Amino acid sequence: MSVVVVVEVEDSRASLVSQETLTFARDLAALGAGELHAVIVGACTEGVIADCRAQGVIALHTADNPELARYAAAAWAAVVEASGRAARADLVIAPGTSRGNEILAHVAARRGLEMAANVVRVESVQPLRVVRQVVGGSVLETSSVSSRVRLMTMAGHAVEPVPAATPGAAEVRPLAVTIAAEDLRAKVVRVEERVGGDTSGLTSARVVVGAGRGAGGPEGFDGVIALAERLGGALGVSRVVTSLGWRPHHEQVGQTGSRISPDLYIPCGISGAIQHWAGCASSKTILAINTDPDAPMMTKADYAVVGDMHEVVPAILEALN
Ligand SMILES: Cc1cc2nc3c(=O)[nH]c(=O)nc-3n(C[C@H](O)[C@H](O)[C@H](O)COP(=O)(O)OP(=O)(O)OC[C@H]3O[C@@H](n4cnc5c(N)ncnc54)[C@H](O)[C@@H]3O)c2cc1C
């Protein structure tokens, strides 16, 4: 069984979720005694090749046409399609990012194939049965995918990225792809630098201290920020906080914010609405602080402190110091 993984590039390396997807795909390929391939659209750096090698990739299909430099879902899908043909793929897997899902949806539509998005687990390979996240991760659904070539995207943080016992050759194989004009009808035309904010710190932090409406106002975040700094972590907030303009949107956790999976999440004054939960459910341990013992976050948390966050957080800081 040959598996192709769509690798997304971040800071000239394979993104974290791409590395997770490669680890997952390698295990699947091993089940069918198959080969692990990868495809990269755009410039392929030494760092990406090294990451693919470490994950056991045997061949790296690349397409670096100038018209692919900017993201265009249909054009990138044409490249992924070409890599599937070159690798004689039975399975094509992309990270479950908005781009990964969009590209594979295009491939599925172009080729009349079946696709399962945001998979967290494979129950059987032949026939393919997967468990996937739906409704923003609040519901798990079991699906079967029966087309000859099967497509799926992996939910972020469903597996830990682990290097292969034996590195792969990651042999670079350029693809000859002609991009049709109609595949460039929808494309990114301009990219603007984010002003004051780095989401990668939040999504990769091992500790996240969260704050919601319970903070009480824009001046109510000093304690949680100090706690996040003390623990070497990041601040994450609820949507109420960003909607009220208390904190910037890049700090939002949830369905319409960032998905986090820290070792420890400390939500303070956050009720735990389903849309917030969708972004923090993969946290390994949750310690909730809330005045309401019946708030959903308190009932789902591993540890819960019933109390005012403006008293509990300084007390934790004092104890730590
Ligand atoms: C389409 C859609 C997408 C959404 N996406 C997101 C998303 O990405 N992220 C997100 O967070 N939400 C999202 N929401 C909003 C979500 O439904 C909730 O409204 C929101 O998460 C609530 O934020 P909160 O917990 O801060 O506020 P509240 O629900 O008002 O809860 C405040 C909590 O603070 C507690 N509290 C009050 N004072 C204190 C105190 N002094 N000390 C300790 N505890 C205190 C209260 O007991 C309460 O539990 C979305 C909603 C929709 C419809």
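None of the values given here were measured: they were computed from a predicted structure.

### Here we look at the sheet that holds strand 1 (residues 3-6)
Piece 1. Spatial strand order, 9-8-7-10-6-1-4-5-11: nine strands in an open sheet with mixed pairing. Looking at which strands have only one partner, the edges of the open sheet turn out to be strand 9 (139-145) and strand 11 (171-174). Between one strand axis and the next, the sheet turns by 35° as a mean value, whatever way the strands run.
Piece 2. Relative to strand 11, strand 5 (residues 59-63) runs parallel, the two being bridged by four bridges. Its bridge partner being in strand 11, Ala 59 is matched across the sheet by Glu 171.
Piece 3. Helix 3 (residues 73-87) contacts strand 1, strand 4 (36-41), strand 5, strand 6 (91-95) and strand 11 of the sheet and is inclined by roughly 155° relative to strand 4.

### Some details on the site of the ligand
Piece 1. Every one of the 28 residues lining the ligand counts as a neighbour, but Gly 212, Gly 214, Arg 239, Gly 254 and Ser 271 are closest to it.
Piece 2. Grouping the constituent residues of the shell around the ligand by class yields eight nonpolar, 16 polar and four charged.

### A few points about the nonpolar core
Piece 1. Counting residues in each nonpolar core, the largest one holds 55 residues, and the members touching the most others are Ala 38, Trp 76 and Val 92.
Piece 2. When residues in this core are grouped by element, the largest group, nine residues, is from helix 3.
Piece 3. In this structure, Leu 202, Ala 211, Ile 289 and Val 312 belong to the second largest nonpolar core, which totals 36 residues.

### Examining helix 2 (residues 46-54)
Piece 1. Those residues of helix 2 that sit buried are Val 48, Asp 51 and Cys 52. Each buried residue of helix 2 lies within a common arc of 100° when the element is viewed along its axis, so the set occupies one face.
Piece 2. Gly 56 occupies a position one or two residues after helix 2 and carries a positive phi of about 90°.

### A closer look at the sheet that holds strand 16 (residues 303-306)
Piece 1. Ordered by their spatial adjacency, five strands build an open sheet running 13-12-14-15-16, and the pairing between neighbours is parallel. Each edge of the open sheet carries a strand with a single partner, namely strand 13 (234-237) and strand 16. Taking each pair of neighbouring strands and ignoring which way they run, the sheet shows an average axis angle of 20°.
Piece 2. Two strands pair when backbone bridges link them, and strand 15 (residues 285-290) and strand 16 are joined in this way by four bridges, in the parallel orientation. Residue pairing for strand 16: Leu 287 is matched across the bridge by Tyr 303.
Piece 3. Contacts from helix 10 (residues 309-320) reach strand 14 (264-268), strand 15 and strand 16, with the element oriented near 130° to strand 15.

### Let's talk about the packing of helix 6 (residues 222-230) against helix 10
Piece 1. Where helix 6 meets helix 10, the axes come as close as 9 Å, and the angle between the chain directions of the two elements is 30°. Relative to helix 10, the element helix 6 lies roughly parallel. For the pair helix 6 and helix 10, the sense of crossing is left-handed. Counted together, Gly 223, Val 224, Ala 226, Leu 227 and Arg 230 of helix 6 and His 310, Val 313, Pro 314, Ile 316, Leu 317 and Leu 320 of helix 10 form the full contact between these two elements.
Piece 2. Across the contact of helix 6 with helix 10, the residue classes tally to eight nonpolar, two polar and one charged.

### Quick word on unusual backbone geometry
Piece 1. Following Gln 126, the chain continues into Pro 127 via a peptide bond in cis, with omega recorded as 0°.
Piece 2. As for its position among the elements, Pro 127 is in the loop between strand 7 (115-124) and strand 8 (128-134).
Piece 3. Even without glycine at this site, Asn 118 takes up a positive phi of about 55°.
Piece 4. Residue class for Asn 118 comes out buried when judged on the 22 C-beta atoms lying within 10 Å of it.
Piece 5. Non-glycine residue Ala 170 carries a positive phi angle of around 45°.
Piece 6. Relative to the elements of secondary structure, Ala 170 occurs in the loop between strand 10 (150-154) and strand 11.
Piece 7. Given 22 C-beta atoms within a 10 Å radius, Ala 170 is considered buried.

Definitions and cut-offs
Residues numbered from 1 in each chain as written. Predicted model: local features only at pLDDT ≥ 70, side-chain atom pairs only at ≥ 80, totals over all residues. Pairing = 2+ DSSP bridges. Helix = DSSP H or I, 4+ residues; strand = E, 2+ residues; numbered from the N terminus. Axes fitted to C-alpha atoms, helices over the stretch in contact; angles between N-to-C directions. Contact = placed C-beta atoms within 7 Å. Near = placed C-beta within 6 Å. Nonpolar A, V, L, I, M, F, W, Y, C, P; charged D, E, K, R; others polar. Core = buried A, V, L, I, M, F, W, Y, C linked by C-beta atoms within 7 Å. Buried ≥ 20, exposed ≤ 12 C-beta atoms within 10 Å, placed from the backbone. Arc of directions from axis to C-beta. Parallel < 35°, antiparallel > 145°, perpendicular 65-115°, else oblique. Left-handed = near helix turned anticlockwise from the far one by under 90°.

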